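Secondary and tertiary structure notes
Given next are the chains, with one letter for each unit.
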Amino acid sequence: MEQSPEIVRLRSEMTERIVRFRPRWKGRRVNRADVSEVIRKSPSESDRRKAFYTLEPLHRPFESRLQELATLRNERARALGYRTMSAMRHSFDHLTPERVRSFAEAATRLARPHLRELRDRFRESTSQSGWHPWDFLYARELQAPLPDRWFPRREMISRILRSVQQWGIHTGRMRFRVVYHDNPFGGLTLAPDPPKDVRILVHPQGGWTRYMILFHEVGHAVQSASIRTPGHLLRWHENIPGFGAYHEGIGGLFEDIPSNVEWLRSMPRVERERAEEFARQQRDANLIWAAWHACWIRAEQLLYERPDRDPAPVVQRFERTVFGYDDYPRRSFVDTFFVDSPIYAPNYLLAILFGRQLSRTLRDLFGEPLWPNPQVGPWLVRNWFAPGSYIDWVPRLKELTGRPFGSEAFAREFSA
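Notes on the structure in this doc start here. Nothing here was measured: the structure is a model prediction, and the numbers come from that model.

**Section: the overall build of the protein**
Within the protein, the secondary structure is distributed over 21 helices and five strands. In terms of overall size, the protein behaves like a compact globule, its C-alpha atoms giving a radius of gyration of 21 Å where 416 residues would be expected to give roughly 22 Å. The principal-axis extent of the C-alpha atoms belonging to the protein is close to 55 × 50 × 40 Å. Burial analysis of the protein (416 residues in total) assigns 57% to the buried set. Considering only contacts in the protein between residues 6 or more positions apart, those separated by 24 or more positions represent 71%. Considering the protein, the positive charge centre built from 65 side chains and the negative charge centre built from 51 side chains are found 2 Å apart.

**A few points about the side chain of glutamate 56**
Inspection of the secondary structure puts glutamate 56 in helix α4 (residues 56-59). A distance of 2.9 Å separates polar atoms of two side chains, one belonging to glutamate 56 and the other to arginine 60. Setting aside residues no more than four positions away along its own chain, glutamate 56 makes contact with Pro61, Arg330, Arg331 and Ser332.

**A few points about the nonpolar core**
With 120 residues, the main nonpolar core has Trp263, Leu264, Leu380, Trp384 and Phe405 as its most contacted residues. Examining the composition of this core, we find that twelve residues originate from one element, helix α15 (residues 285-305), more than from any other. For leucine 380, the contacting residues outside a window of four places in its chain are Trp167, Leu253, Leu358, Leu362 and Phe385. Counting residues in each nonpolar core, the second largest holds six residues, with Trp25, Val30, Val35 and Ile39 among its members.

**Overview of the sheet that holds strand β3 (residues 176-180)**
Ordered in space as β3-β5-β4, the three strands form an open sheet in which the pairing is mixed. The open sheet has two free edges, formed respectively by β3 and β4 (187-193), since each of these has just one partner strand. The sheet shows a mean angle of 20° between the axes of neighbouring strands, taken without regard to direction. Examined bridge by bridge, β3 and strand β5 (residues 197-202) share five bridges and lie parallel to one another. By the bridge assignment, tyrosine 180 is partnered in β5 with valine 202. Lying on the sheet, helix α10 (residues 208-225) is in contact with β3, β4 and β5; it crosses β5 at an angle near 170°.

**Looking at helix α21 (residues 408-415)**
Residue pairs spaced three or four apart in an α-helix point in one direction, given the helix's 3.6 residues per turn. Among the residues making up α21, those that are buried are Ala409, Phe410 and Phe414. Along the axis of α21, the buried positions cluster into a sector of 115°, meaning they face one direction only. Buried residues along α21 sit against α7 (97-126), α15 and α18 (346-366).

**Quick notes on empty space enclosed by the protein**
Following the criterion strictly, the structure yields two cavities of 30 Å³ or more and no others. Here the largest cavity defines a volume of roughly 50 Å³. Around the largest cavity, the lining residues are Arg89, His90, Asp93, Gly242, Gly244, Ile343 and Asn347. Across the lining of the largest cavity, the residue classes break down as one nonpolar, four polar and two charged. Approximately 40 Å³ is the volume attributed to the second largest cavity.

Criteria and thresholds
- Residues numbered from 1 in each chain as written.
- Predicted model: local features only at pLDDT ≥ 70, side-chain atom pairs only at ≥ 80, totals over all residues.
- Heavy atoms only, no water.
- Helix = DSSP H or I, 4+ residues; strand = E, 2+ residues; numbered from the N terminus.
- Rg over C-alpha atoms; globule rule 2.2 N^0.38 Å.
- Buried < 20%, exposed > 50% of the residue type's maximum accessible area, 1.4 Å probe, protein only.
- Contact = heavy atoms within 4.5 Å.
- Lys, Arg positive; Asp, Glu negative; His and termini not counted.
- Charge placed at Lys NZ, Arg CZ, Asp CG, Glu CD.
- Polar contact = N/O pair within 3.5 Å; in protein donor to acceptor, adjacent residues only side chain to side chain.
- Core = buried A, V, L, I, M, F, W, Y, C linked by side-chain atoms within 4.5 Å.
- Pairing = 2+ DSSP bridges.
- Axes fitted to C-alpha atoms, helices over the stretch in contact; angles between N-to-C directions.
- Arc of directions from axis to C-beta.
- 1 Å grid on protein atoms, 1.4 Å probe; cavity = no way out; pocket = protein on both sides within 12 Å on 5 of 7 lines; lining within 4 Å.
- Points joined across faces, edges and corners; volume = space filled by probe spheres on them.
- Nonpolar A, V, L, I, M, F, W, Y, C, P; charged D, E, K, R; others polar.

In structure tokens form, the structure reads like this:
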């Protein structure tokens, strides 16, 4: 479907402009990572606000083009017997758009008290009366900051690989390489020919957040490099419809490692009290990010339900309800993910649910802590990685956990 000529032409034209784009910040062209750092770390509310709207020169002109692309995709989906592109993609995960929306609503209900608490702490610590989307990441950063210099880029790869090896995974035998370069996403893993050719692309910066992102990408790389199923189509699982949530869920398991107290204590200069406080503040991270993803998902769902309408006003009202934001000028609904990876955004929410369910089973099998435990890695490789896309992850999860895929484990973890 994505290879139909009219979709290829439009998508390729947009993708080329996305890749070439560099935002302008204070009179000069910078990397996207530089702008995200301003939103995450700048004490200046004015700078955070400006950074929040920095991608508008790219996104605004794309609005009508993205609506056209959504219309083309819907037409192709209807020709294949589906109501919309969204309905088609979710069917591969044994789901419907309505079911995904119910997961998102459950996550936002659980998250709202935490988000109100985050807002109140932010206002108290900054004496700032307003609360807006450009304050969210900065508020998270204020909770228990760890200086970026404690997590240097030059040691990032070696430290992360050593940490993964403590899960009993022999990364020295795997073939994947890491390249530092600015990109439209936080990180990106590509597997042109797994398990032999696997590549990771990350922003050229250090700091705990970049370590966490690289852990996630290394999880993808380990997964791809561990596949032992014969036949390229059964080995190449990335972006195959019906595998995105599983793929991102595996990355999320690795992403949880740097929030572990013992891992933080393994870093030079991180004392136990500081590590415990940081880990405590990270405990609700999956809950808060599930709510954030719910807003992201809402925009794309509306785009495919009514491509002729601007979804931004509805999404903004939803964000204000979930996060408790004050009113703010509308930002474009365009996201670069929507161009090149349609209906991929829900995978991140589904991945969190998958990860909580799988983590619960891992704890039942191997106890606490999950990291460092050298039994965890071989079990993941044997049961999840080696089969590649030979397995259907939804019934596989039920087989291994004894429960159908759903939000029960997620709700149990965060409702207390």
